[in-house]
Every structure is written in C-alpha cells, then in structure tokens.
Amino acid sequence: MNLKQLETFVAAVRAGSFAGAAARLNASQSTVSMRLQELEEALGVALFDRTQRKAHLTDKGRELLPFAESAVGLCAEIRHKVGAPGALSGIVRMGVAELVAVTWLPDLVAALHRAYPNITLELDVSLTADLLERLRDCDLDLALLPGAQFGGDLIAHDLAACDLPGWPARSSTFPIAC
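To keep things clear, this report deals only with the structure shown in the data block.

Thresholds applied
Position numbers for residues count from 1 along each chain, tracking the sequence in the order it is written. A pLDDT threshold of at least 70 governs which residues receive local features in this predicted model, and a stricter bar of 80 or more applies before side-chain atom pairs are shown or counted, although totals over entire chains, interfaces and linings include all residues. Excluded from the side-chain calculation are hydrogens and water; included are all heavy atoms of the structure. Two aromatic rings from Phe, Tyr or Trp, using only the six-membered ring of Trp, form a pair when their centres are within 6.5 Å; if the ring planes differ by under 30 degrees the pair is stacked, by over 60 it is edge-to-face, and anything between is tilted. Labels follow the DSSP assignment, with helices taken as runs of H or I lasting at least four residues and strands as runs of E lasting at least two, numbered in each case from the N terminus. Only protein chains enter the accessibility calculation, which uses a 1.4 Å probe. A residue is then buried if its area is under 20% of the maximum for its type, exposed if over 50%, and partly exposed in between. Grouping buried Ala, Val, Leu, Ile, Met, Phe, Trp, Tyr and Cys residues that are joined through side-chain atoms within 4.5 Å yields what is termed a nonpolar core. Two strands qualify as a pair provided DSSP detects at least 2 bridges between them. Think of a salt bridge as a Lys or Arg side-chain nitrogen and an Asp or Glu carboxyl oxygen that are within 4 Å of each other.

## Looking at the packing of aromatic side chains
Part 1 of the reasoning: One pass over the full model with this rule turns up two aromatic pairs.
Part 2 of the reasoning: Arranged with centres 5.2 Å apart and planes meeting at 85°, the rings of Phe18 and Phe48 form a pair that is edge-to-face. Here Phe18, found in helix α2 (residues 18–25), pairs with Phe48, found in strand β1 (residues 48–49); they are 30 residues apart in sequence, far enough to count as distant. Of the two residues, Phe18 and Phe48, neither departs from the other in class, the shared state being buried.
Part 3 of the reasoning: Taken together, Phe9, Phe18 and Phe48 form an aromatic cluster joined through their ring pairs.

Okay, here's the thing in structure tokens:
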C-alpha cells in the first residue's frame, strides 16, 4: 500500500467514479483502475463493488475511507508545513464569484504564484449558488465567495474584505469542502 494508491482511492470516492478520479488526478482511467486493484490486493479485500454499472464502496471500502483521508491529509500537511513552498506542485480547482474576480483576484493570483510557483490554478468564475453546488459535488477544491457562512458541510474562512462605492464593506470568504 502506498500514498498514490490511497490518494487515488480518495479521489475515486470523492469524484464518484474512476473516470472522475482520473480527470481529477490528471491520470488515465487505466492507471486509476490499476492503483485501486493494487490497493485491494495489498489489503486483501474488495473496496469497490463493481457488479453494477457504477462502482460502489463495499463495507471495507467505507471502513478504509476515513483512514485514507487522514493519511492523505497528513501527507499534504507535511508537504505544506515542512516542505519548501516551491516544492509544492499540483492543480488547484478554484471557483471564484464575479465580485471577487473583478476586485482582488488578480493580486491574490500573483501572490500565490510568487509563493507557490509550481501550483497551477484552474479558475472558474461563476455565480455563488453554482460554485457552492460544485464545491458540494467536489468539482472544485475551494471557492472564493462573498458572504459569511454557507451551511453545515462547508467551512468558511475570512480571507479579505473589499469596499465598493455605494455598497457596505463585505467580507469575502472561501469555503472549503470535500
């Protein structure tokens, strides 16, 4: 069992399909299938029920999920806290509300690029309701949205505030889900 296999397992569960995991991991579907088969072989149990058109988690798969999420999260935290910022790489899918896009997003993107030059941002500018739905569906890693709180399954953090002429100052937050 290795970290790539656990990351692939978590991505497949979050995406709801092996094809979705492949897209999220920028890998081929056959690579995803191979990693998951290797993980199942290493553990000696079936993690997915493949008898139906869509793969569903088995009881053992559901049992593994919190451990896999924890391991993947801890490795990400190690990379973030111990590793050099320039060593971090990957794709971050970020939804952006129009208000944010036309105010302080360019400065944020420039600062992120300076701090993390090997991180690729995939930006999606849309309406708040659409971005919240995509967050809940795990199609986005985070979203920059105006507002205070967005509901139980999302965590919101104050990131910035902007003043628009004729509007009261609004705190902009980014909820993180999945």
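## Comments concerning the nonpolar core
Part 1 of the reasoning: Counting 17 residues, the largest nonpolar core has Phe9, Leu36, Phe48 and Leu64 as its most contacted members.
Part 2 of the reasoning: A per-element tally of this core places helix α1 (residues 3–15) first, with five residues.
Part 3 of the reasoning: In this structure, Leu105, Leu132, Leu144 and Leu145 belong to the second largest nonpolar core, which totals 16 residues.

## Thoughts on the pairing of strand β3 (residues 90–97)
Part 1 of the reasoning: Two elements, β3 and strand β4 (residues 119–126), share eight bridges in a ladder whose sense is parallel. Residue pairing in the sheet places Arg93 in a bridge with Glu122 of β4.
Part 2 of the reasoning: The pairing of β3 with strand β5 (residues 142–146) spans three bridges and is parallel. Across the sheet, Met94 pairs through a bridge with Leu142, a residue of β5.

## So, the pattern of salt bridges
Part 1 of the reasoning: Tallied over the entire structure, the rule returns eight salt bridges.
Part 2 of the reasoning: Note that Glu77 and Lys81 form a salt bridge whose closest N and O atoms lie 3.7 Å from each other. Taken together, the residues Glu77 and Lys81, both in helix α4 (residues 59–81) and four residues apart, mark about one turn of the helix.
Part 3 of the reasoning: Since its relative accessible area comes to 40%, Glu77 is described here as partly exposed.
Part 4 of the reasoning: Put simply, Arg93 and Asp141 hold a salt bridge, and the shortest N to O gap is 2.9 Å. Linking Arg93 in strand β3 with Asp141 in the loop between α7 (128–136) and β5, this pair joins segments that are 48 residues apart in sequence.
Part 5 of the reasoning: According to the relative accessible area criterion, Arg93 is buried, its value standing at 14%.

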